[in-house]
Amino acid sequence: MSGVVDLAAVKAAQEAKAKAEQARAQAAREGGTGAISPADLVIDVDEAGFERDVLQRSAEVPVVIDFWAEWCEPCKQLSPVLERLAVEYNGRFLLAKIDVDANQMLMQQFGIQGIPAVFAVVAGQALPLFQGAAGEAQIRQTLDQLVQVGEQRFGLTGLTVDPEAEPGGAQAAPERPAGPHDGLLEAAVQALDSGDLSGTVQAYKNVLNEDPANEEAKLGLAQAELLQRVQGVDPQQVRRDAADKPADVQAQIAAADLDLVGGHVEDAFGRLIETVQRTVGDDRDTVRVRLLELFEVVGPDDPRVIAARRALARALF
């Protein structure tokens, strides 16, 4: 779910947080408690309400979409499991059920070839989860990963659920005070909007100067620096150089950057680990440092990063 590497993810994360806070503030002004009923954790969605019920809500909480049909026997086995887990997860995700017979346009837009099919939308970004029958253990593992991504990348901590709340009640929590670095993070978003990568990099550095442990700024800086490095390069020439000069450290590093920007995470990691194995001294350390920087871009909890860290350790020792 974290394989596509671009600043759109960072921007979406910040916008999602801002929208969630605005929704909480609006609910507070209207006197809402911010709590929803367990019955509101499973909703039926159609094409007319998709933007409101899925896209907009995905700025507050990960939305899992269950594409189903009345004639689909596997759907009748899967859907009750998802509905039960939606209640059990207690607001950490929202389940949206879409009848494909009545909403074929949505089915086409998601590129669904068969049902049941389960997707998620997080901060407006669609993520395929699984298609066809799936065991509960697999479903739980996938949902846990989704919740983790929502929390770590987008700050989506879920919905407040009150068993005594009336169905269809308030859908937002009380307003959260603005963080001490929100203004500096907003400056990074504004620089990104204007296409100023240098300004984006500097804005994230400004946050880290005051708060070195700020995860949002560290991720944003790593991604902005990556895009800055590949800006204006000739991809074909970079790949020719990497193929013709396997011992050239800078050629392999440049190709790994392109791999990662294109979403080829394992290729980027594998290329640099192989280069570490072929090099010694300062060259090896240069490659190692770049690989660690690319780990920051993808995120420390990504399974591909964990596997690559083990492979790097074996290559070094």
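- Taking an unreviewed UniProt entry as the reference, the protein is identified by name as Tetratricopeptide repeat protein belonging to Streptomyces indiaensis.

**Overview of the overall build of the protein**
Thinking step 1. When helices and strands are tallied, the protein shows 13 helices and 7 strands.
Thinking step 2. Taken over 317 residues, the protein has a buried fraction of 46%.
Thinking step 3. Within the protein, counting contacts between residues at least 6 apart in sequence, those at least 24 apart form 72% of the total.

**Observations concerning the state of the cysteines**
Thinking step 1. All told, the structure shown has 1 disulfide when counted by the stated rule.
Thinking step 2. With a sulfur-sulfur separation of 2.4 Å, Cys-72 is cross-linked through a disulfide to Cys-75. On the sign convention where negative means left-handed, the S-S torsion of about 80° between Cys-72 and Cys-75 marks this disulfide as right-handed. The pair Cys-72 / Cys-75 is uniform in exposure class, with both members buried.

**Re the packing of aromatic side chains**
Any pair of aromatic rings gets described here by the distance separating the centres and the angle formed by the planes.
Thinking step 1. Considering all chains together, one arrives at 6 aromatic pairs under this definition.
Thinking step 2. On the numbers, 6.0 Å between centres and 85° between planes, the contact of Phe-67 with Phe-119 is edge-to-face. Separated by 52 residues along the polypeptide, Phe-67 in strand β3 (residues 63-68) and Phe-119 in strand β5 (residues 117-122) bring together distant segments of the chain. Of the two residues, Phe-67 and Phe-119, neither departs from the other in class, the shared state being buried.
Thinking step 3. Summarising the aromatic geometry, the rings of Phe-110 and Phe-119 are spaced 5.1 Å apart at their centres and angled 75° between planes, so their arrangement reads as edge-to-face.

**Some details on the confidence of the model for the protein**
Thinking step 1. Scored by pLDDT, the protein has a mean of 82; 83% of the residues are at 70 or more.
Thinking step 2. Here residues 1-7 scores under 50 on pLDDT; set against residues more than four positions off or in separate chains, the count is 26 contacts.

**Details of the pattern of salt bridges**
Thinking step 1. Under the criterion given, the structure shown has 15 salt bridges.
Thinking step 2. The residue Asp-53 makes a salt bridge to Arg-52 at a minimum N-O spacing of 2.9 Å.
Thinking step 3. Salt bridges sharing common partners tie together Arg-84, Glu-88, Glu-136 and Arg-140.

**Some details on the packing of helix α7 (residues 197-210) against helix α8 (residues 215-230)**
Thinking step 1. Orientation of α7 relative to α8, taken along the N-to-C sense of each, is 155°, at an axis distance of 9 Å. Of the possible angle classes, the one that applies to α7 and α8 is roughly antiparallel. Of the two possible hands of crossing, α7 and α8 adopt the one that is left-handed. Residues Leu-197, Ser-198, Thr-200, Val-201, Tyr-204, Lys-205, Val-207 and Leu-208 of α7 form the contact with α8, whose own contacting residues are Glu-216, Ala-217, Lys-218, Gly-220, Leu-221, Ala-224, Glu-225, Leu-227 and Gln-228.
Thinking step 2. Each residue belonging to the contact of α7 with α8 can be placed in one class, and the counts come to 9 nonpolar, 4 polar and 4 charged.

**Concerning the nonpolar core**
Thinking step 1. Grouped together as the largest cluster of nonpolar side chains are 27 residues, with contacts concentrated most on Phe-50, Val-54, Ile-65, Phe-67 and Ile-115.
Thinking step 2. Put simply, the parts of the chain that give this core at least two residues each are α2 (50-56), β3, β4 (94-99) and β5.
Thinking step 3. The dominant element in this core, judged by the number of residues it contributes, is β3, at 4 residues.
Thinking step 4. Those residues in contact with Phe-50, other than ones at most four positions away along the chain, are Val-45, Leu-55, Ile-65, Ile-98, Leu-106 and Phe-110.

**Focus: the sheet that holds β4**
Sheet strands line up and pair through hydrogen bonds in the backbone, either parallel or antiparallel.
Thinking step 1. With respect to topology, 5 strands assemble into an open sheet ordered β2-β4-β3-β5-β6, the strand pairing being mixed. With one partner strand each, in any of the chains shown, β2 (42-44) and β6 (125-131) form the two edges of the open sheet. Put simply, the sheet's adjacent strands are angled 25° from each other on average, direction ignored.
Thinking step 2. In the sheet, β3 pairs with β4 via 6 bridges, with the strands oriented parallel. Within β4, the residue paired with Phe-67 across the bridge is Ile-98.

**Let's talk about the environment of Gly-270**
Thinking step 1. Summarising the element assignment, Gly-270 is placed in helix α11 (residues 265-278).
Thinking step 2. Along the chain, Gly-270 and Ala-308 lie 38 residues apart, while their C-alpha atoms are 7.6 Å from each other.

**Looking at helix α10 (residues 249-261)**
Thinking step 1. Here α10 is 13 residues long and its end C-alpha atoms lie 19 Å apart, about the 18 Å a rise of 1.5 Å per residue gives.
Thinking step 2. The buried count for α10 comes to 10 of 13 residues, which makes it a mostly enclosed element.
Thinking step 3. Buried residues of α10: Val-249, Ala-251, Gln-252, Ile-253, Ala-255, Ala-256, Asp-257, Leu-258, Asp-259 and Leu-260, and no others.
Thinking step 4. A side-chain oxygen of the first residue of α10 lies 3.0 Å from the backbone nitrogen of Gln-250; this N-cap is Asp-248.
Thinking step 5. Of the residues flanking the end of α10, it is Gly-263, one or two places downstream, whose phi is positive at about 85°.

Criteria and cut-off values
Residues numbered from 1 in each chain as written. Predicted model: local features only at pLDDT ≥ 70, side-chain atom pairs only at ≥ 80, totals over all residues. Heavy atoms only, no water. Helix = DSSP H or I, 4+ residues; strand = E, 2+ residues; numbered from the N terminus. Buried < 20%, exposed > 50% of the residue type's maximum accessible area, 1.4 Å probe, protein only. Contact = heavy atoms within 4.5 Å. Disulfide = S-S within 2.5 Å. Phe/Tyr/Trp six-rings, centres within 6.5 Å; stacked < 30°, edge-to-face > 60°. pLDDT = per-residue confidence, 0-100. Salt bridge = Lys/Arg side-chain N within 4 Å of Asp/Glu carboxyl O. Axes fitted to C-alpha atoms, helices over the stretch in contact; angles between N-to-C directions. Parallel < 35°, antiparallel > 145°, perpendicular 65-115°, else oblique. Left-handed = near helix turned anticlockwise from the far one by under 90°. Nonpolar A, V, L, I, M, F, W, Y, C, P; charged D, E, K, R; others polar. Core = buried A, V, L, I, M, F, W, Y, C linked by side-chain atoms within 4.5 Å. Pairing = 2+ DSSP bridges. Expected span 1.5 Å × (residues − 1). Polar contact = N/O pair within 3.5 Å; in protein donor to acceptor, adjacent residues only side chain to side chain.

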